[in-house]
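Architecture and fold: a report
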There are 2 protein chains.
Amino acid sequence: MDEPKIRNMEDFATVSGISRPTVSKYFNDPQSVRESTRQRIEAALEKFDYRPNMYAVNQNRRLTKNVGIVVPYLADPFFAEIARNIENLVIETGFRPILLSSHGDPQQEINNIESLRSIKPAGVLMAPLGRLSDREQIRAFCDDVPTVLFDNSIESAGEAFFGMDNEQSIGLIVDYLCRTGEPPVFFEMRTPPNPNAFKRRNAYKGKMERLGLEPVMLQVEGEGWDFEQIGFNGASRLISEGRLPTNTVLCSNDRLAIGFLSAAFELGRKVGIEPDCTLRVAGHDDHPFSRFTCPRLTTVSQDYTSIAQKSVETLFSLIDSGQRAPSRVTTLFDGRLVMRGSA
Amino acid sequence: MDEPKIRNMEDFATVSGISRPTVSKYFNDPQSVRESTRQRIEAALEKFDYRPNMYAVNQNRRLTKNVGIVVPYLADPFFAEIARNIENLVIETGFRPILLSSHGDPQQEINNIESLRSIKPAGVLMAPLGRLSDREQIRAFCDDVPTVLFDNSIESAGEAFFGMDNEQSIGLIVDYLCRTGEPPVFFEMRTPPNPNAFKRRNAYKGKMERLGLEPVMLQVEGEGWDFEQIGFNGASRLISEGRLPTNTVLCSNDRLAIGFLSAAFELGRKVGIEPDCTLRVAGHDDHPFSRFTCPRLTTVSQDYTSIAQKSVETLFSLIDSGQRAPSRVTTLFDGRLVMRGSA
DNA sequence: ATTTATTTTTTACGCGCGTAAATTTTTAGC
DNA sequence: GCTAAAAATTTACGCGCGTAAAAAATAAAT
């Protein structure tokens, strides 16, 4: 097509008729050059399709235009959704998102932050694994790179934390369940990987006590992130052995509830609020699939749009200011009751 | 801790007592230096925690140690799972995976491959969006970068393609359904985003005709990747309007089936193979959630472990050889019947 | 101990770009 | 048309590393 092969910015500057420093200026901020100059560059850009070598560009920059996003488990649609939201917001701002999943593995999480270090990101948005996280390593990382945590917090790590208010949300659904039927028992993993689970456990306990009711925990065995299976196994045993003390079950999260509902169905227990039902099941999170369970799952929705939005906003205000946050702010969003058929 | 601040390889070479070129050699391949030298470097590495500036390293390399992974929709647990598999395999090989999702958007897909270009990856593993993909752009990209396609193919693009044999898998489940009850109707989107859907449609049609049966398509409206919702809406209408011509439904994929089952449950239609059931529903893919539907979904499993493995193997044999594939090979894996309660 | 093969060191250059300083050109204001 | 301000150009240096070539040091083998 076009005669000269463009190998670098020098070549491109020549064919566009502009000096290299000005072209460099253009690529760093197109608005920083005169209108007429911009047009000439962009005209050349159409003809020759040159793009700066990103490695050379970033070599001398203390910070790049990269933003890291770390989630604990990407195969969980909840995190996939929130990652998608965050990714788009980061792109809108003109930065390049680098999405990393820890796959539920603490070692992977360390690898991910190591990997991010070498990328020299302008900032990082991170949802830590939680219980299994190497807190010290994460704190050290947060000291070096402006980091906003979300979903679950690590004490005194990161510039800010955005999550949901488990006290509020659990209170909300416990209230609802008590108001409309028997008080709920709490169905959860005995050793959950996610610290939010502990907060919810305590929130349930506190709320029940405040209501003058006795909290009952049903703690099932299981490790890892295969929550549906763990919920299914646990519920199968509880139901078939008749060890359910009430007809109302509040699950620590929707994925456990999905397993629970599946087990209940298998065992012929009719779940729901219809007169012929013998069991009520509620979840927590408003997981993308919770509207397609049988029956459809009553739950508390996490406001992940707000979590994503606020996390990104906060990170970029830090990046723009070039400073660190004067103090670590924790922001908790309220859950919203989502009434469907299961409770 | 340690006095001298290590700013670059020069500094590190000094403190480790080795010359910079040798240190450079070590980082490119630790096995390429003498045992005693390696130990001295690694001893220094423990003390001083230096890592090469990846931007400087890659600046002059024609190819980096990066491998791109592009999936059409990461919020779909099926792709999340296959991405997870591929990521791990890539890491094992000592390369750095760069995971990108097109979020169901053709423009994003283009952005992703543009983004990959500037990273100069050694190779790319890509599952194209399919119907909406800009085939020309993808072909152009595949010409420049060694690329292996998976999940769905784009004619004459990429060095190889790995996917599943829809003819075989649909044949398998149609056979099963016909053998055990009424022949199935085919439930699908009228305009699916994924070309595999067309292959399955044709496979169903062909198989039914070969069995001397009349194929019946139930095509529901809907755009995008919100398959469960689309399946739910479509099934709700079909069931409530009594437009289901048989009692057996084969869904084009599991996510549609999940929506279908949810709708059937809502409308009080009992699904399964028990005597009191009035509907059988089967899916396709063995989606991670299909074992927790109510009833549990009978389906055909995609062998995504093999797809991931073979795709990665093929890409790395290309990368290692430094050559392009002599001819484009298409490999299709058989599906396996997964009998559960729904059909 | 000598020869030979292997590895390391020394020296030096280049990659593609950011960026600073001084100079020249263009634009805007009157 | 003149002046001041804004923008572009010229020139030059540095970043952190890869890598080539020649010299020196080390290891292995006789």
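Structural notes, computed from the coordinates. The model shown is predicted, which means the values in this text are computed figures rather than measured ones.

What counts and what doesn't
Residues numbered from 1 in each chain as written. Chains lettered and ligands numbered in written order. Predicted model: local features only at pLDDT ≥ 70, side-chain atom pairs only at ≥ 80, totals over all residues. Heavy atoms only, no water. Phe/Tyr/Trp six-rings, centres within 6.5 Å; stacked < 30°, edge-to-face > 60°. Buried < 20%, exposed > 50% of the residue type's maximum accessible area, 1.4 Å probe, protein only. Contact = heavy atoms within 4.5 Å. Buried area = accessible area lost by both parts, 1.4 Å probe. Salt bridge = Lys/Arg side-chain N within 4 Å of Asp/Glu carboxyl O. Helix = DSSP H or I, 4+ residues; strand = E, 2+ residues; numbered from the N terminus. 1 Å grid on protein atoms, 1.4 Å probe; cavity = no way out; pocket = protein on both sides within 12 Å on 5 of 7 lines; lining within 4 Å. Points joined across faces, edges and corners; volume = space filled by probe spheres on them. Nonpolar A, V, L, I, M, F, W, Y, C, P; charged D, E, K, R; others polar. Domains from an automatic or database assignment. Pairing = 2+ DSSP bridges. Axes fitted to C-alpha atoms, helices over the stretch in contact; angles between N-to-C directions. Right-handed = clockwise from strand over helix to strand, strands pointing away. Near = heavy atom within 4 Å. Polar contact = N/O pair within 3.5 Å; in protein donor to acceptor, adjacent residues only side chain to side chain. Least-squares fit on C-alpha atoms with pLDDT ≥ 70 in both. Core = buried A, V, L, I, M, F, W, Y, C linked by side-chain atoms within 4.5 Å. Expected span 1.5 Å × (residues − 1). Parallel < 35°, antiparallel > 145°, perpendicular 65-115°, else oblique.

Some remarks on the packing of aromatic side chains
Here a ring pair, both rings aromatic, is described through the centre-centre distance and the interplanar angle of the planes. All names here are of chain B. The full count for this structure, using the stated rule, is 31 aromatic pairs over all chains. Here Phe78 and Phe79 contribute two aromatic rings whose centre-to-centre distance is 5.2 Å and whose plane-to-plane angle is 75°, an arrangement assigned as edge-to-face. As far as the burial class goes, Phe78 and Phe79 line up, both buried.

Focus on the interface of chain A and chain B
Counting from both sides, the interface comprises 46 residues of chain A and, opposite them, 46 residues of chain B. Taken together, both faces of the contact between chain A and chain B bury some 4200 Å²; the carbon and sulfur share is 60%. The largest contributions to the chain A side of the interface with chain B come from A:Tyr55, A:Phe289 and A:Phe292, which together make up 19% of the buried area. Across the chain A-chain B interface, the total number found is two salt bridges. Between B:Arg51 and A:Glu114 there is a salt bridge, with the nearest N and O atoms lying 3.1 Å from each other.

Some points on unusual backbone geometry
The omega angle of the peptide bond from A:Cys294 to A:Pro295 is -10°, so this bond is cis rather than trans. Here A:Pro295 is to be found in the loop between β9 (280-282) and β10 (299-301). Residue A:Asp49 is not a glycine yet carries a positive backbone phi of 50°. Positionally, A:Asp49 belongs in the loop between α3 (35-48) and α4 (54-59). The backbone phi angle of B:Ser156 is positive, close to 55°, even though this residue is not glycine. By the secondary structure assignment, B:Ser156 is in the loop between β4 (147-150) and β5 (160-164).

Considering empty space enclosed by the protein
Scanning all chains against the criterion turns up seven cavities of 30 Å³ or more. As for the largest cavity, its lining consists of 21 residues, of which B:Asn194, B:Arg200, B:Phe227, B:Asn253 and B:Asp285 are closest to the centre. Looking at the lining of the largest cavity, the elements that each hand over two or more residues are α5 (77-92), α9 (196-210) and α11 (254-266) of chain B. Grouping the amino acids of the lining of the largest cavity by side-chain chemistry returns nine nonpolar, six polar and six charged. No fewer than three residues from each of domain 2 (66-164 + 305-332) and domain 3 (166-301) of chain B sit in the lining of the largest cavity. The computed volume of the second largest cavity comes to approximately 210 Å³. In terms of lining, the second largest cavity is formed by 20 residues, of which the most central are A:Asn194, A:Arg200, A:Phe227, A:Asn253 and A:Asp285. At the level of secondary structure, the elements contributing two or more residues to the lining of the second largest cavity comprise α5 (77-92), α9 (196-210) and α11 (254-266) of chain A. Counting residues per element, the lining of the second largest cavity draws most heavily on α9(A), which supplies three residues. Taken together, the residues that form the lining of the second largest cavity break down as nine nonpolar, six polar and five charged.

Some words on the sheet that holds strand β6 (residues 185-189) of chain A
All names here are of chain A. With parallel pairing, the four strands of this open sheet are ordered in space as β7-β6-β8-β9. At either margin of the open sheet sits one strand with a lone partner, and together these are β7 (217-220) and β9. Along the sheet, successive strands turn relative to each other by an average axial angle of 25°, direction set aside. Strands in contact with helix α10 (residues 227-240) are β6 and β7; relative to β6, the strand with the most contacts, it is inclined by about 130°.

Considering the pairing of β6(A)
Residue and element names in this part refer to chain A. Of all five residues in β6, five are buried, a share of seventy percent or more. Pairing analysis gives three bridges linking β6 to strand β8 (residues 248-251), with the strands arranged parallel. Pairing of Val185 across the sheet is with Val249, part of β8. Pairing between β6 and β7: four bridges, direction parallel. By the bridge assignment, Glu188 is partnered in β7 with Gln219. For the handedness criterion, the β-α-β arrangement of β6, α9 and β7 is classed as right-handed.

Focus: the protein's contact with DNA strand C
Surrounding DNA strand C, one finds 24 residues, the nearest of these being A:Met9, A:Ser24, A:Tyr50, B:Ser19 and B:Thr37. At the protein interface, 63% of the atoms of DNA strand C within 4 Å belong to sugar or phosphate. A:Ser24 places a polar side-chain atom, nitrogen or oxygen, 2.4 Å from a phosphate oxygen of DNA strand C. Among the elements of the structure, α2 (20-28) and α4 of chain A together with α2 (20-28) of chain B are those that each provide at least two residues to the surface near DNA strand C. Considered class by class, the residues forming the surface near DNA strand C number eight nonpolar, twelve polar and four charged.

Structural notes on the protein's contact with DNA strand D
Looking at DNA strand D, there are 24 residues lining it, with A:Ser19, A:Thr37, B:Met9, B:Ser24 and B:Tyr50 nearest. Near the protein, meaning within 4 Å, the atoms of DNA strand D are sugar or phosphate in a fraction of 65%, with bases accounting for the rest. Within the backbone of A:Arg34, a nitrogen or oxygen atom sits 2.9 Å from a phosphate oxygen of DNA strand D. Secondary structure elements with two or more residues in the surface near DNA strand D: α2 of chain A together with α2 and α4 (54-59) of chain B.

Quick look at the relation of the copies chain A and chain B
Once chain A is rotated about the relating axis by 180° and shifted along it by 0.1 Å, it coincides with chain B to within an RMSD of 0.1 Å. Read as a symmetry element, the transformation amounts to a two-fold axis. The position closest to the rotation axis in chain A is occupied by the C-alpha of A:Tyr55, lying 2.2 Å away. A high fraction, 100%, of the interface residues of chain A reappear at the interface in chain B, so the copies pair face to face through one surface.

Thoughts on the sheet that holds strand β1 (residues 66-71) of chain B
All names here are of chain B. Pairing is parallel in the open sheet, where six strands are placed in the order β2-β1-β3-β4-β5-β11. Each edge of the open sheet carries a strand with a single partner, namely β2 (96-101) and β11 (329-333). Looking at each pair of strands side by side, their axes are set apart by 15° on average, direction ignored. Inspection of the sheet shows β5 paired to β11 by five bridges, in the parallel sense. Bridge pairing in β11 links Ala160 to Val329. Strands β1, β2, β3 (123-126) and β4 of the sheet are contacted by α5, whose axis makes an angle of about 160° with β2. Along the sheet face, helix α6 (residues 106-119) touches β1, β2 and β3 and points at about 160° away from the line of β2.

Quick notes on the nonpolar core
A:Phe187, A:Phe260, B:Phe187 and B:Phe260 are the most contacted members of the largest nonpolar core, which totals 120 residues. Contact partners of B:Phe187, with chain neighbours within four places excluded, come to B:Leu218, B:Val220, B:Gly231, B:Gly234, B:Ala235, B:Leu238, B:Val249, B:Leu250, B:Cys251, B:Ser252, B:Leu256 and B:Phe260. A:Ile119, B:Tyr55, B:Cys142 and B:Ala157 belong to the second-largest nonpolar core, a separate cluster that totals 38 residues.

A short note on α9(A)
All names here are of chain A. For α9, with 15 residues, the first-to-last C-alpha span of 21 Å sits near the 21 Å given by 1.5 Å per residue. Those residues of α9 not exposed but buried are Asn196, Ala197, Arg200, Arg201, Ala203, Tyr204, Gly206, Lys207 and Met208. For α9, the elements touching its buried residues are β5 (160-164), α8 (166-180), β6, β7 and β8. Gly212 sits one or two positions beyond α9 and adopts a positive phi of about 75°.

Side note on the packing of helix α1 (residues 9-16) of chain B against α2(B)
Residues and elements named next belong to chain B. Following both chains from N to C, one finds α1 and α2 inclined at 100°, their axes separated by 9 Å at the closest point. Taken together, the axes of α1 and α2 are roughly perpendicular relative to one another. Contacts between α1 and α2 involve Met9, Glu10, Phe12, Ala13 and Ser16 from the former and Arg20, Val23, Ser24 and Phe27 from the latter. For the contact of α1 with α2, the per-class residue count stands at five nonpolar, two polar and two charged.

Everything listed here is a matter of geometry and, on its own, says nothing about what the molecule does.
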